[in-house]
Structures are given as C-alpha cells and as structure tokens.
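Secondary and tertiary structure notes
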Amino acid sequence: GGGHRIHSKTIMDGVCAICTGILVGTQLWKQYQIMDQSSNYYVRLYGLLHLQKLPQESILIVKGDVITNSIRYLQQCEGKRPDVQHFDQSMMTYKWFVTKQARHFREIIFPNQVYNPYTEDGYAMETFLDRNALNASRPVYLCGGWYHDEGSAKSGGGIPGFQTWPVSTCDRIREEGDTPTVSQWIEEMEELAFEYPTPSVQKYGEETWERVTYNDYWMAKHKIPMTLLEYSTENNFNQEALQHAAARFEDLILSHPDPPDYFYRNAAISFGRLRMAGSQCRMVANFANFLLVTDENAADSATRDVGTMVRNFVIFSQLLSTGENGASG
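Scope of this entry: the structure provided in the associated data block. Nothing here was measured: the structure is a model prediction, and the numbers come from that model. Residue numbers run consecutively from 1 along every chain, following the written order of its sequence. With pLDDT at 70 or above as the cut-off, local features in this predicted model cover only qualifying residues; side-chain atom pairs require 80 or more to be listed or tallied, and sums for whole chains, interfaces and linings still use all residues. Only hydrogens and water are set aside when side-chain values are computed; all heavy atoms of the structure are taken into account.

Our focus in this paragraph is empty space enclosed by the protein. Regions of empty space are outlined by a rolling probe, equal in size to a water molecule, passed over the atoms. Lining residues are those with an atom within 4 Å of a point, where the points come from a 1 Å grid over the protein atoms alone and group into cavities, where a 1.4 Å probe fits but cannot get out, or pockets, open sets with protein on both sides within 12 Å along at least five of seven lines. Grid points are joined across faces, edges and corners, and a volume is the space filled by probe spheres set on the points. Here the structure, examined in full by the defined rule, presents 1 cavity of 30 Å³ or more. Considering only enclosed or pocket space, the largest cavity measures out at about 40 Å³ in volume. Lining the largest cavity, in full, are Leu 49, His 50, Lys 53, Leu 54, Ser 168, Thr 169 and Leu 192. Residue type decides the class: Asp, Glu, Lys and Arg count as charged, Ala, Val, Leu, Ile, Met, Phe, Trp, Tyr, Cys and Pro as nonpolar, and the leftover types, Gly among them, as polar. Along the lines of polarity and charge, the residues of the lining of the largest cavity split into 3 nonpolar, 3 polar and 1 charged.

Okay, structure coming up:
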C-alpha cells in the first residue's frame, strides 16, 4: 500500500511539472512577440526621416522630445549630417543655452540672452530668423511646429514676416513674399520625399514613443496634400495644386493600413474641384468610402449633405445611362 502511494505521488508530481512547463512556455510564446525589441529601430529611423535628405548646411528648428533626441543621437553618436545645425526651441528658452551652447553653432547670431519674446533679456523667433534665415545658401526648416505663436490669432499665429511651406516631415521656412511657384514647391517635395516603415499599432500602444512616430508620420503625409488643397482654394482653385493634392490623397489612402474618414473626404473635395475627365466619379467614390468608414452622426448636416450628393449622382448617372441606351436603341 505504501509503495502504491509513493508511485501515485511521483506520477502527480510529474503531471504538475509538465503542466507548469506548458503554462510557462505558453506565456513565453504569447509574450515573446510583444517583448522582443531586437528589430526596434523606429526612433532612429524617425530621426533619419527628418535629417538625411536636407540640403547641405541647412538650419533645422524643432519642437518635440522624440524629434530632438533622435536627431541629437544621430549627430552626436553616429556622426550623421554634422553640416545641419539643429536647434531645439525648448532648449533655447533656458537662460544657460546661449552661454553654454552658442559656441557650438557656426555663424549663428543670437539676438539676446534667451528665446522668450516676453522678457527684457529675451528675443523673438522673428528676430532670430531675421538674423539667420535670409541666406539662400542655408535653407531653414521647421519640424514639430513653433514653440511660441508670435503672430496674432487673426493672422493664424506663426511668426510675423515668415511663412512655412510643408515639403516633407518638416516645413520650409520662407520670408514673407518669397513665394515659390507650385512647380518649385512640388520639386522641393520630390527632393525631400520620405517613407517610413511604421511600427505595429498592435505592438506599440499610445503611451510609447514608437506610436508617437507612427502618428507623426501619417500626420506629415496628410499635411502635404491638405496644404496643397488649401493653397488651391486660396488661389482661385489652382488646378496644378489640386491635381497634385488629389493624386497624393489617393496614394495616402492606398498606403495607409487603416485610412481615417477625413482622408477620403479631403480626397473627394480635391477631385470635386478638379476640372478634368473622370474627376467627378472619383469624387463620388471617395465620398462613398467616407460614408462607409465615418463615425460621424448620419444626422449631422455635413454628413447628410454628402449622402444626398452621392445618391443624386448615382441617380443622375443611371438616368444618363438609360437615356443613352434608349437613344442608341
């Protein structure tokens, strides 16, 4: 009897050990894909995205931790693009910045002790740009937006005397009045064209830097055709700008893993304003996709108007087709 009990206990211990091993192995297998960071170079690649295609001797003004730190790492640790002078607007607001850092910049004039347009010892970004951004051999770019909006809210904020033109993940800063033609603008976009192997949204949650790079990348991709669309509206529905906007919206929709509704809506608006064969059909197709994916209330006036327009277009097309068939019969 005693031997039987010992044998049974041995079997049970073995079963428990096997079950424990299976449970631990299952957890390891389930968590491995999430925890494995061996191929995680997303933040480094995000820094390269902003840095690698800039013209020689560019000045780069940035805002945002992930932009600043990824570029600083690439320049200081990997020696990438030492010709580009990189300014973090947040750092420029500290009183020690000019004292400790000014000597590291080449031919840069700091107009006062600290970047702060609201103090006696401070300077405005407008003044900094006046002193440093008017040399054609040193183009200036902005990534991440302005730290201070020095312009009035009525004028749209920004920096008085200067305008920003989206050309990549960054904007080209130009003196007001230095307006490129659409062809020149597009040419600079093509020279700075950018792609990024976006991280998985399933693996990287909203709290991660990887998700920040994901969101910023798609926002930059959308900003370019959106600005072209706005430019066309402000310039008598400029057809060249509209054509590029529509094409880029379509490319954006095809490349995004899960296009948000406003991609389709803005593409539809662009095609709707184009005066070229087939554009109306593509407008309706994009508006139809907008209605399929949007979370907006169907009773909302704008959404309702889009639905009415799509239905009317379909009815009109059917009537037109019936009339043509009848005429041919």
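Every other side chain in a regular strand lies on the same face of the sheet, so the side chains alternate between the two faces. Exposed residues in this analysis have more than 50% of their type's maximum accessible area, buried residues have under 20%, and partly exposed residues fall in between, with area computed by a 1.4 Å probe over protein chains only. Strands here are runs of E lasting at least two residues and helices are runs of H or I lasting at least four, both read from the DSSP assignment and numbered beginning at the N terminus. Residue alternation in strand 2 (residues 85-88) divides its side chains into two sets, Gln 85 and Phe 87 and His 86 and Asp 88, and both sets are buried. Paired strands are those between which DSSP finds at least two bridges. Strand direction decides the pairing type here: strand 1 (residues 59-62) and strand 2, joined by 4 bridges, are parallel. Residue Ile 59 lies in a different strand from strand 2, and its bridge partner there is Gln 85. Viewed with both strands pointing away, a crossover whose connecting path from the first strand over the helix to the second turns clockwise is right-handed. Remark: the strand 1/helix 3 (residues 65-77)/strand 2 crossover connection has right-handed handedness.

The relative placement of two packed helices is expressed as an angle between their axes plus a distance between the axes. As a packed pair, helix 7 (residues 182-191) and helix 9 (residues 239-255) sit with axes 10 Å apart at the nearest point and diverge in direction by 30 degrees. Taken together, the axes of helix 7 and helix 9 lie roughly parallel to each other. As for how helix 7 packs across helix 9, the hand of that crossing is left-handed. Contacts between helix 7 and helix 9 involve Val 182, Ser 183, Ile 186, Met 189 and Glu 190 from the first element and Glu 240, Ala 241, His 244 and Arg 248 from the second. A fitted line through C-alpha atoms serves as each axis, taken over the contacting stretch for helices, and the angle formed by two N-to-C directions is quoted from 0 to 180°. Every angle not falling under 35 degrees, over 145, or within 65 to 115 is termed oblique; those three ranges are roughly parallel, roughly antiparallel and roughly perpendicular. With the far helix as reference, a near helix turned anticlockwise by less than a right angle produces a left-handed crossing, and one turned clockwise produces a right-handed crossing. The contact criterion used is simple: two residues touch if any of their non-hydrogen atoms lie within 4.5 Å.

Put simply, a salt bridge is a Lys or Arg side-chain nitrogen that is within 4 Å of an Asp or Glu carboxyl oxygen. Evaluation of the coordinates by the stated rule reveals 12 salt bridges. A salt bridge links Asp 83 to Arg 81; the shortest N-O distance between them is 2.8 Å. Across the pair, Arg 81 and Asp 83 agree in class, each one buried. Close ionic contact of Lys 223 with Asp 171 constitutes a salt bridge, the shortest N to O distance being 2.8 Å. Note that Lys 223 is positioned in helix 8 (residues 209-234) and Asp 171 in strand 7 (residues 171-175), a separation of 52 residues in sequence. Lys 223 gets classed as partly exposed once you look at its relative accessible area, which sits at 37%. Look at Asp 171 and you get buried, because its relative accessible area is 7%.

A few words on helix 10 (residues 261-273). In a helix, the anticipated span is given by 1.5 Å times the number of residues less one. For helix 10, with 13 residues, the first-to-last C-alpha span of 19 Å sits near the 18 Å given by 1.5 Å per residue. What helix 10 keeps buried is the set Asp 261, Phe 263, Tyr 264, Asn 266, Ala 267, Ala 268, Ser 270 and Phe 271.

The phi dihedral of Glu 57 is positive, around 65 degrees, even though this residue is not glycine. Within the secondary structure, Glu 57 sits in the loop between helix 2 (42-51) and strand 1. A positive phi angle is found at Glu 107, which is not glycine, with a value near 55 degrees. Along the polypeptide, Glu 107 turns up in the loop between helix 5 (96-101) and strand 3 (114-115).

No statement about biological role is implied by the geometric values presented.
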